[in-house]
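As a plain string of letters, each chain reads:
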Amino acid sequence: MQYNPNEIEQKWQQKWFDNKTFKAENKSDKPKFYVLDMFPYPSGAGLHVGHPLGYIASDIYSRYKRLKGFNVLHPMGYDSFGLPAEQYAIQTGQHPSVTTKVNIEGGVDKQGNQIAGYENQLKKIGLGYDWDREIRTSNPEYYKWTQWIFNELFDSYYDNDSNKAESISQLIEKFQAEGNANVNAVADEDIEIFTAEEWNAFSEKEQQAILLKYRLTFLAEAEVNWCPDLGTVLANDEVINGLSERGGFPVVRKKMTQWMMRITAYADRLLTGLDKLDWPDPIKESQKNWIGKSQGASIFFDVVGNDDKIEVFTTRPDTVFGVSYVTLAPEHPLVSQITTAENKAKVDAYVDYTSKRSERDRLADAKNITGEFTGAYAIHPFTGKQIPIWIGDYVLASYGTGAVMAVPAGDERDFAFANHFNLPIINIFKNQDISEAAFTEKGRFELQDSDFLNGLDYKQAVAKAIEALEEKSFGQGKTNFRLREAVFSRQRYWGEPVPVYFKDGMPYTIPTEALPIILPEVDEYLPTSEGEPPLGRATKWAFDTTTNQVVDNTLINNETIFPIELNTMPGWAGSSWYWLRYMDAKNDNEFVSKEAVDYWQNVDLYMGGSEHATGHLLYSRFWQKFLFDKGLVPTDEYAKKLINQGMILGMSAFAYRANLNFQFSYDADPDKEVDFEHKTFFFSKDIVDIYNKSQLNSDLGIEFINYNKEIKDAYNGDLVLMGPIKFTPIHVDVNILKDGGDELNINEFRKFKNGEFANAEFILKDGKFITGREVEKMSKSKYNVISPDTICEEYGADSLRLYEMFLGPLEQTKPWNTQGLSGVYSFLKKFWRLFHSGENEAFLVSEEEPTKEEMKVLHQTIKKVDEDVNNFSFNTSVSTFMIAVNELGKLKTNKRSILEPLAIIISPYAPHIAEELWEKLGHETSVANADFPVFEEKWLVADSKEYPVSFNGKMKFLLELPLSLSKDEIQEIVMKDERTIKQLGDRTPKNVIIVPGKIINIVG
């Protein structure tokens, strides 16, 4: 019986699904193990072969842990809200929910495209998920609890004394009893002190406005990334080089009233919590840098002719006497107030210019120095001197206070700015040359021209400067974080509705019993003509507080019926707690039961891409810590171990088009007419290489044409090239290459890009057109995407799984090469044949006792695979399987006691073939329920040794002897060996050196 992967794999995928083979129980006598894949977004493009790398690795580990006796939870779901579905809805009118459903389950979209469906593709790879726990963030059953968590955040504040989130009702009680003078909480900076009497006399609106300054989720005016074309605010990680990651549209900085999350309250805990996580160091470093904890001081500079003060945060208060100007971020609120009339036009133009640049671009661009003078002056707090106030885009409104005290002598960017605009540079560092560059070291200096700091070094000067600032009320010592509050509003349709209604302009949360607030139907998915978000088009979007129902807008009376929030939540809302929902996915009464969360605790292994370092991974840790503070989860970190799988790169293919500037003539046949000016020529890579190597850089094209037989034959020798050829590489769809190799299927290429190259001429070499190949990121735009469905159909899912692991270490980036699949496919056929050694390849397994050599191969494999899986070295496991099967094949092994454990060992990697063979071996239950074989050291302990027998240090022959022999016994045997007698002849050896288990050396 031949190995037929398609038949086997369909059979077992259906059985796993029907029998719920990978169902996890929320209560078990077995130890628990929770394996989690990062939430995928289901796009219509579906999976390419690069996507399953992490899924296959986590599946191998999950199956392995089951074999080791663990109750394993390995779920899958979809982060199904987001911009792509909404953009598609805008273009086609298809509701995003329909698009999302088709993208997940498969079908035909609005444009008539056949969509494979993420879920179908995942099942086809044989991933062992507990499908009963599948979740989708866009389902009301799920986002009901996202809305509930939002409400919990809204009803909480951060108490610095208890160092955790507390109920807002507790804060209200304090206000009622004693005012806010003794409240030590994370809050807005413009909080005014009030007494209990004043609080109790405030109106409801006034009280709500004050509480909003304390809440963990709140409304505030913020500087945001606004994308007009998408009509929404974008997170920093959604903006690349000033353009939206999705669609490449321009993004500008803009002030808007937004929902915010007070993540800064958790900054220090987010930082220190990293120490107990087994996460990759680059991820930890990214988060540390993003949080950006720094010690220093806040210093206040008065503004000439203005009552406002400029607050700056600096880590170098010791350099305060080196300040020669102040720089504000262009977005700083004081810019419009202090700029003089003479400078207004230039400042306004500069502010507009910087609004079109992302913060990332501004930070990265150290070469281009730009800025404008406001015309205003600040007063140095210690010297009383007036110093100019500039704006510059190297200062960010989101970092510190959005203002810096510029010390050109001690800061590189200040130094460059001062040199560029000819501003003063005060050298406050004794015996340090700053003529060419700033002196930036923290130490090895004495201060000069610094009044009471003269003669001090870094540490002494910092302490004394802070002491003086606080004594004179010019500032204070301060710990600062780079981390800013998280923007939580999106002006789009396809997202979780914010469960808030507005009474007298103040936000109130919709009670739990009324949740979920379901996304309403709208006639278009664009903002309204008044600029409101798409939900402004909803006609039934008001909340009746008497019935707890959403009602028609016409009923709004602002007494009992109020308007509902029009913004939706950002994409990271649903992905900030999904691991908890997997624990109890069908619970209608709570987001997760205490029983379930107490059992599963947290994620033991989390696998996903490193690109989420400062987005998802930071926000989700924040939500987990909040839920922990509220007593809703048992741990304050949700993922103990994180692994970032590497990227599988595509192998792009190129056809080389000759540019249209060359000319042709026909001396031999002047009547022959061919419109070469408008004809596209493609040259095989072989010919391009010949041309390039010949170094024909000028008018030597004729020699090239005459040299190259293929071109001469193609045009009967009449073609004369008048000038050098220039080649432009054009991406070719790798799916139209012959047999997955390098040769182009020309007929298919003529249909490529809607027939753009239908009339092209192809210059072949030896009758073939060979494409150039280059490793690039796998992307539809590069036409180098390979579908896993195609691979599964041709080679089987087990081949795909093994090959993706075999490509290299899990964390490394590696190129894809379809031709390499034939090797693992051949291996699986060899493995199959071990079980089918009967007549006409019939299934045949012997009950005979295995030989010692067979047992050695088996236990070497058990030991190596056990070590590899625990080290996540899946690539070397595949090599081990190949070696074992080759060795067992040579031994003609067909013993049950060898092949049965081998099927178990290989089952996490190639589960379909393992299941089929397990069934043939007579088992009625899945191999997934078997026990991983136990390694026994005794089978690897050798009982004999092949000694190298040397004469005067030169090895002459090998002699295998039992290791149990003594030195004298070895000598007796070796001296009687015919080969020894022949080597010695008539000579008597002077000495016989024997080290048991190592060497035999006969001297003399």
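Residues numbered from 1 in each chain as written. Predicted model: local features only at pLDDT ≥ 70, side-chain atom pairs only at ≥ 80, totals over all residues. Heavy atoms only, no water.

To continue, consider the sheet that holds strand 7 (residues 185–186). Taken together, the 3 strands give an open sheet; going across it, the order is 6-5-7, and neighbouring strands pair in antiparallel fashion. For this open sheet the edge positions go to strand 6 (164–167) and strand 7, each flanked by a neighbour on one side alone. Pairing geometry for strand 5 (residues 156–159) and strand 7, over 2 bridges, is antiparallel. Bridging across to strand 7, aspartate 159 finds its partner in alanine 185. (Pairing = 2+ DSSP bridges. Helix = DSSP H or I, 4+ residues; strand = E, 2+ residues; numbered from the N terminus.)

Attention now goes to empty space enclosed by the protein. For the coordinates displayed, the defined rule picks out 3 cavities of 30 Å³ or more. In this structure, the second largest cavity encloses a volume near 50 Å³. Every residue lining the second largest cavity is listed: Arg63, Arg66, Leu67, Ser907, Pro908, Val927 and Ala928. In the lining of the second largest cavity, the residues fall into 4 nonpolar, 1 polar and 2 charged. (1 Å grid on protein atoms, 1.4 Å probe; cavity = no way out; pocket = protein on both sides within 12 Å on 5 of 7 lines; lining within 4 Å. Points joined across faces, edges and corners; volume = space filled by probe spheres on them. Nonpolar A, V, L, I, M, F, W, Y, C, P; charged D, E, K, R; others polar.)

Taken together, the buried positions of helix 11 (residues 281–291) are occupied by Ile283, Lys284, Gln287 and Ile291. Looking straight down helix 11, one finds its buried side chains confined to an arc of 100 degrees; they lie on one side. Set apart from the buried face of helix 11 by more than 90 degrees, the exposed residues are Asp281, Pro282 and Asn289. The secondary structure elements touched by the buried residues of helix 11 are helix 10 (267–272), strand 13 (293–303), strand 19 (475–481), helix 19 (616–629) and strand 27 (642–644). Glycine 292, located one to two residues past helix 11, shows a positive phi value of around 60 degrees. (Buried < 20%, exposed > 50% of the residue type's maximum accessible area, 1.4 Å probe, protein only. Arc of directions from axis to C-beta. Contact = heavy atoms within 4.5 Å.)

The next point concerns the nonpolar core. Formed by 101 residues in total, the largest nonpolar core has its most connected members in Phe749 and Trp816. Residues within four places of phenylalanine 749 in sequence aside, it is in contact with Ala655, Phe682, Val732, Ile736, Leu744, Phe757 and Phe762. The next biggest cluster of nonpolar side chains, apart from the first, holds 100 residues, and it includes Ala165, Ile517, Val592 and Phe622. (Core = buried A, V, L, I, M, F, W, Y, C linked by side-chain atoms within 4.5 Å.)

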